[in-house]
Amino acid sequence: MARIGSKALTLGACLWIAACGGGTPRDASGPAGAQKGKFGVFYVVSVSRPVGGHILSDDGRIDCGTAGTGHDRCDPVSYDWGRTTTFSAYPDAGLLFQSWAADCGSAVALNGCTLDTDGSGADKWIAAIFNPPDQIGHARIPDPAQHAPLFYDFANHVPGAPACTRCHGQDYRGLANAPSCVGCHEAGARKGLRLAVTSVTRTAAGVAVAFTARDDGGRAVDLAAAGIAPRFGLASFTRNAATGVVGPYQVRTLGADGPGLLAPPAPNAPASAATGGLTGTPGSYAYVFPPSVTLDPARLGDTHVVWIQASRQEDGAAATAATFTAVNAEFNFVPGAVDVPVTAASAVRRQVVSSDACGSCHDGFRPRGTGVAGTFHGGEAVEAPFCAVCHNAESTRTLEGTLHGIWRGSAAQFVHSIHGAAKMGLPATESFAGIRADGYPRPVADCTACHAAGAAQGNQWKTRPTIEACGSCHPTYPFPHSGGGACEGCHTPYGIEVAHVPYVPRDRGSVLETAGGNTRTNASALNGAGQVVAGGSTLQAILRDVTVSATGRPVITFKLTRTTPNPDGTAAVADVVFNPPPAAPDASRELMDDYVGTLGVYVVLSLPQDGIARPADFNASVRSDLKLAWMNVGGSGVSATSLSGPVDGWYAITFPNLVIPAEASNLTAGLGYAYDLPGTQPLTQISVGGSAWSRFTPYEVFDAPVTSGTVFGQACTVAAPCRLKRGGVVAPIRNVWKSAGTPRRRIVDTALCDACHGRLGVDPTFHVGQRNDAPSCSFCHNPNQNKGGWSSNASTFVHAIHGGARRTVDYGWTATCPAGSTWNATSARCEDGITRAPVKAGFAAVDYPRSPAGCGACHAEGTDSQALAGVEVGDLLWTTVASGAMAASTGPSQSPYVEPGKDYGVKWSATLAAGGAAPTIVPAAGTTLVSSPVAAACFSCHDDSADHIRAMGGSLYRVRSTVDTARDVETCLDCHGAGKIFDVVRAHR
């Protein structure tokens, strides 16, 4: 009965609204009619005759309202393609205007409706809805205050609640004449700002710049009305025709602190003798530099550049980043004759750094938060080459002092100083203005991170070294030629490149070097970003396929290739052929010449859990390694492997004792991953001795005796130790994986992660750089993994780490208080030992350099709006957030959402059995705490939205035994799913 009552209530609402709206359209542009407009020539507007008021166009050609009131001009009307038409809605006596519908559905009720051809085609249909005062909002909801509670009842499937989507559609954009919800709930489209220089002219009055100001739709922008205050800079630079080397900017615009930008008065205001004048009409302007800005007669043949800096904030009241646009417009030119405009831009640009490279971490230098306050330079400096207009060696600013005789604020110094100070171990006095990127997410020696090949002169970091640039990272180095000089005479490009191969020195505290030492660290130098030292090589795993034999055993077919770079820029590439295996296990024998160690081999899959027959997430795995397979050891265990081949260059790894259960899904296998010492030391090159840089001892190789346990099948004793090697250099092999059938859903893209990290896991170092493929993080980081009341499921911990600035409670997975600070249980935070100021611990200290709202920074194309394409939400495993015993006292690593000292019971686990036996399943205790899948992911950033999440059916830190998955259904994607009214992409603008 409750379900029938709900239908009747909703049907009444639909019928009442339809009556008010006047039914279906009576002409061509309605959903049932034929097309009447002609694209690019004219468009046709049709109107549904309303009840309770009338609709009036700005030209009076449409005046359509309640029958018998004299508003009878309801026929379709055509308008020229470029014309914008505005409509107003007026209620009859005693009624109120509620909302627009159809093509006006996105218009805010009180603002009227404007139609043009920017957003859609040649046919328009409009409708307006009028209601009695006691029925505003919904015809069946007389009090607007009931709107949200009744919607929550609908979302939570409360019997008798209205079925909102019956009238408003599954995406809440309205059906028939029912209004679209976007009129109240969706922000207006961003108009943006685009500036373009059309000419530069030398005149007697000064250098004149003509430019256009348009929005993203090509419409003219009124600078004065929009509050846009552009600033202008003029510079020139030299370029060596033979080498392509460009010199620094010689800036012609001088401000109070030296070279920089000039800010003229408002458009059409009297010109300033110091900053020039700006004139023009909306969309088309001219700026004339003041007479003090002149061109150097001796450099008229050099390329000059005009930069315009401006921004537009379309919502001054909210001042949100979503409605903020910054522009740095660049125009390169060679000056022409006096009074002759130069209209064609020069093909030569000064571009030592790439905006795209910098923007890959900094998100185009857009504001990171919801507002723009606190953003450096007001958020207006967004192009990397533009920085040198103000940040150049000729500046007269003294605030930051000088280094090697050059102002620290020079771009070649301060950018290096900010990014490298912490990792170079420089004191605070050696960093620019006290700014230090302590969490810089890649090796600081990787110069190509900013000086990318895409920049016109990106290679100048190695072809034109200078004391100014080199000294910014090496401030205490005693440069022998402090007065300058041709550094490149001694420092060749290859030598500089080799010297700047990014690496992390070996950890002297590893178990191979220190008794009882770290087993999960790098006992060798660790290279990053896929680069290697002189004499070094990189290995690539190529995975041909993953299959299941007739007896149910997984088979992985693969090969390795080895690439060795040459000094001349070429490279030698060859397939790897493994050495013959030993007759008996011998840890000192190696797979291949020049290398020690192994590759990890993983098989992961999904088994039924929590009543879900085919979960969309991994929850079971078997781990082995290539060296074990090569030696054919492992006995009868499920992780035993054997190696065969090569056949036509391909090897095959088989798990002879592992039979894939019939109920398994998402079967996937991968290569890489090994990093546990001493048994699974990663593949480490030991043939790089003799390098010119070996005096720094990162690549020395030593025999390391292992006197206990078993290593690669060999028993290790004091009398007969296993001989392993420490030292050498690891260039982490890229993890590869394939599925034996339909793969798990695609969510994240490793290339996007590497845009910031260079190579995942290397400086900042985690998993010794061996877990470097973003999608395969889910092999281990699955919904059952948790610690200290925190989930480390891939969908939660990656969001929580990068969204720390958005969180209100620090994410404390495995966190410890930093050196010099202690935990204060009363304030529940780490505090320094002197001022008691709060100190961020663990991942909470990560300073993510872009807005956490930019889902596309990590998510693969097409998945950022909904990382569930093709996946039923009901097939996602619930995220376990607490299992096992919590610490008796609070600390930085324990969640505040759990009870100290409480044992929440065992989590769900599965152990695969050898020989085809059924897996051993340990069900989760009913006392464990869980969060529903979508809620867990969203809560990782939006931890201040728990009430909203729960109101929409989400569960957070619920006792597992109280969950009824048939009743506790998340409705998050009804609004936030792909194409919905609050699509995640739209909500995270």
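Rules used throughout
- Residues numbered from 1 in each chain as written.
- Predicted model: local features only at pLDDT ≥ 70, side-chain atom pairs only at ≥ 80, totals over all residues.
- Heavy atoms only, no water.
- Helix = DSSP H or I, 4+ residues; strand = E, 2+ residues; numbered from the N terminus.
- Buried < 20%, exposed > 50% of the residue type's maximum accessible area, 1.4 Å probe, protein only.
- Contact = heavy atoms within 4.5 Å.
- Areas by Shrake-Rupley, 256 points an atom, 1.4 Å probe, with all protein chains shown as cover.
- Disulfide = S-S within 2.5 Å.
- Core = buried A, V, L, I, M, F, W, Y, C linked by side-chain atoms within 4.5 Å.
- Salt bridge = Lys/Arg side-chain N within 4 Å of Asp/Glu carboxyl O.
- Pairing = 2+ DSSP bridges.
- Axes fitted to C-alpha atoms, helices over the stretch in contact; angles between N-to-C directions.
- Phe/Tyr/Trp six-rings, centres within 6.5 Å; stacked < 30°, edge-to-face > 60°.
- Lys NZ or Arg CZ within 6 Å of the ring centre and 35° of its normal.
- pLDDT = per-residue confidence, 0-100.
- Arc of directions from axis to C-beta.

> So what about the overall build of the chain? Which residues, and what values?
Along the chain, the regular secondary structure elements total 16 helices and 49 strands. Looking at the 989 residues of the chain, the share that counts as buried comes to 48%. Within the chain, contacts between residues separated by at least 24 positions form 64% of all contacts whose residues are at least 6 apart in sequence. Accessible area for the chain stands at about 43,300 Å²; split by element, carbon and sulfur atoms hold 56% of it.

> Let's hear about the state of the cysteines: which residues, and what values?
Per the stated rule, a full pass over the model turns up four disulfides. One disulfide in the model links Cys 361 with Cys 756; its S-S distance is 2.4 Å. On the criterion of sequence distance, the pair formed by Cys 361 in helix α5 (residues 355-362) and Cys 756 in helix α11 (residues 750-757) is long-range, its members being 395 residues apart. One exposure class covers both Cys 361 and Cys 756, and it is buried. Paired through a disulfide, Cys 817 and Cys 830 show a sulfur-sulfur distance of 2.1 Å. Its torsion about the S-S bond being -85°, the disulfide of Cys 817 and Cys 830 is classed as left-handed. Highlighted residues: Cys 817 in the loop between α12 (794-802) and β42 (821-824) and Cys 830 in strand β43 (residues 829-832), separated in sequence by 13 residues. By relative accessible area, which is 22% here, Cys 817 ends up partly exposed. According to the relative accessible area criterion, Cys 830 is buried, its value standing at 1%. With no disulfide of its own, Cys 470 lies closest to Cys 487 among cysteine sulfurs, the gap being 6.3 Å.

> I'd love a proper account of the nonpolar core, names of residues and values included.
One finds Phe 558, Leu 560, Phe 578, Met 592 and Ile 653 to be the most contacted residues of the largest nonpolar core, which totals 52 residues. Setting aside its immediate chain neighbours within four residues, Ile 653 contacts Pro 554, Val 555, Ile 556, Phe 558, Val 601, Leu 626, Ala 629, Thr 641, Ser 642, Leu 643 and Leu 671. Within the second largest apolar cluster, 28 residues are counted, among which are Leu 195, Val 207, Ile 308 and Ala 310.

> Account for the pattern of salt bridges, naming residues and giving values.
Applying the stated criterion to the full structure yields 33 salt bridges. Salt-bridge contacts for Glu 497 lead to Lys 462; the nearest nitrogen and oxygen are separated by 3.1 Å. Placement of Glu 497 in helix α9 (residues 493-499) and of Lys 462 in helix α7 (residues 460-463) is noted, with a sequence separation of 35 residues between them. For Lys 462, a relative accessible area of 16% puts it in the buried group. Beyond isolated ion pairs, a larger network of salt bridges with shared partners links Arg 506, Arg 508, Glu 513 and Arg 726.

> Give me the lowdown on the pairing of strand β30 (residues 642-647), citing residues and values where you can.
Looking at chain direction, β30 and strand β31 (residues 650-654) are connected through four bridges and run antiparallel. Note on β31: the bridge partner recorded for Val 647 is Trp 650. Counting the residues in the hairpin turn of β30 and β31 gives two residues, including Asp 648, whose phi is positive at 55°.

> Account for the sheet that holds strand β11 (residues 207-214), naming residues and giving values.
Working definition: the strands of a sheet are paired by backbone hydrogen bonds and lie parallel or antiparallel to each other. With respect to topology, four strands assemble into an open sheet ordered β10-β11-β17-β16, the strand pairing being antiparallel. Bordering the open sheet on either side are β10 (194-202) and β16 (277-281), each of which pairs with just one other strand. Across this sheet, the average inter-strand angle for adjacent strands is 20°, counted without regard to direction. As paired elements, β11 and strand β17 (residues 284-288) share five bridges and run antiparallel to each other. When the bridges of β17 are listed, Ala 210 appears paired with Ala 286.

> Give me the lowdown on helix α6 (residues 411-420), citing residues and values where you can.
Most of α6 sits inside the fold, with seven of its 10 residues counted as buried. For α6, every residue scored as buried is listed here: Ala 411, Gln 413, Phe 414, Ser 417, Ile 418, His 419 and Gly 420. Elements in contact with the buried residues of α6: α5, β20 (402-403), β21 (406-407) and α8 (467-473).

> Tell me what's going on with the side chain of His 391, and back it up with residues and numbers.
Mapping His 391 onto the fold places it in the loop between α5 and β20. Once you skip the residues sitting within four places of it in the chain, His 391 turns out to touch His 377, Trp 407, Gly 409, Ser 410, Ala 411, Phe 414 and Phe 432.

> Pulling in residues and values, what's your account of the environment of Asp 568?
Relative to the assigned elements, Asp 568 resides in the loop between β25 (554-565) and β26 (571-575). The exposure class assigned to Asp 568 is exposed, which follows from its relative accessible area of 59%. Between the C-alpha atoms of Asp 568 and Tyr 494, which are 74 residues apart in sequence, the distance is 8.4 Å.

> So what about unusual backbone geometry? Which residues, and what values?
For the bond from Gly 645 to Pro 646, the omega torsion is 10°, close enough to zero to count as cis. Among the structural elements, Pro 646 can be located in strand β30. Residues Asp 763 and Pro 764 are joined by a peptide bond in cis, for which omega reads 10°. Following the sequence through the fold, Pro 764 ends up in the loop between α11 and β40 (786-787).

> I'd love a proper account of the sheet that holds strand β44 (residues 838-839), names of residues and values included.
Pairing is antiparallel in the open sheet, where three strands are placed in the order β42-β43-β44. Two strands lie at the open edges of the sheet, namely β42 and β44, each paired on one side alone.

> Can you explain the packing of aromatic side chains? Please cite residues and give values.
Counted according to the given criterion, the structure contains 21 aromatic pairs. Ring geometry for Tyr 602 and Tyr 673: centres 5.3 Å apart, planes at 75°, overall edge-to-face. Of this pair, Tyr 602 sits in strand β28 (residues 600-606) while Tyr 673 sits in the loop between β32 (665-672) and β33 (684-685); the two residues are 71 residues apart in sequence, bridging distant segments of the chain. The lysine or arginine in question, Lys 559, covers the ring of Trp 650, its NZ or CZ lying 4.8 Å from the ring centre. The ring of Phe 712 is capped by Lys 627, whose NZ or CZ atom sits 4.3 Å from the centre of that ring.

> How would you explain the confidence of the model for the chain if you had to name every residue and give the values?
Model confidence for the chain is summarised by a mean pLDDT of 84, while 88% of its residues fall at 70 or above. Least confident of the elements in the chain is helix α1 (residues 2-21), whose mean pLDDT is 27; most confident is strand β48 (residues 929-931), at 98. Contacts for the low-pLDDT stretch residues 1-35, under 50 throughout, to residues beyond four places or in other chains number 72 contacts. When the criterion is pLDDT under 50, residues 690-696 qualifies, and its contacts beyond four places in sequence or with other chains add up to five contacts.

> So what about α12? Which residues, and what values?
Of all the residues in α12, the buried ones are Thr 796, Phe 797, Ala 800 and Ile 801. Summarising the axial view, the buried residues of α12 lie within an arc of 115°, below the 170-degree limit, and thus occupy one face. On the buried face of α12, the contacting elements are β41 (790-791), β45 (879-882) and α13 (933-939).

> Run through the environment of Ile 308, naming residues and quoting values.
Relative to the helices and strands, Ile 308 resides in strand β18 (residues 303-313). As a C-alpha pair, Ile 308 and Glu 330 span 22 residues in sequence and 6.7 Å in three-dimensional space. Ignoring anything within four residues of it in the chain, the contact list for Ile 308 reads Leu 195, Val 197, Phe 211, Pro 230, Arg 231, Phe 232, Val 327, Asn 328 and Ala 329.

> So, the pairing of β18: which residues are in play, and what are the values?
Two faces, one strand: in a regular strand the side chains alternate between the faces of the sheet. Taken across its 11 residues, β18 has 10 buried, putting it largely inside the fold. Strand direction decides the pairing type here: strand β12 (residues 231-237) and β18, joined by seven bridges, are antiparallel. Looking across to β18, one finds that Arg 231 is bridged to Gln 309. Bridge analysis of β18 against strand β19 (residues 324-333) gives 10 bridges, and the strand direction is antiparallel. Paired with Ala 310 across the bridge in β19 is Val 327.

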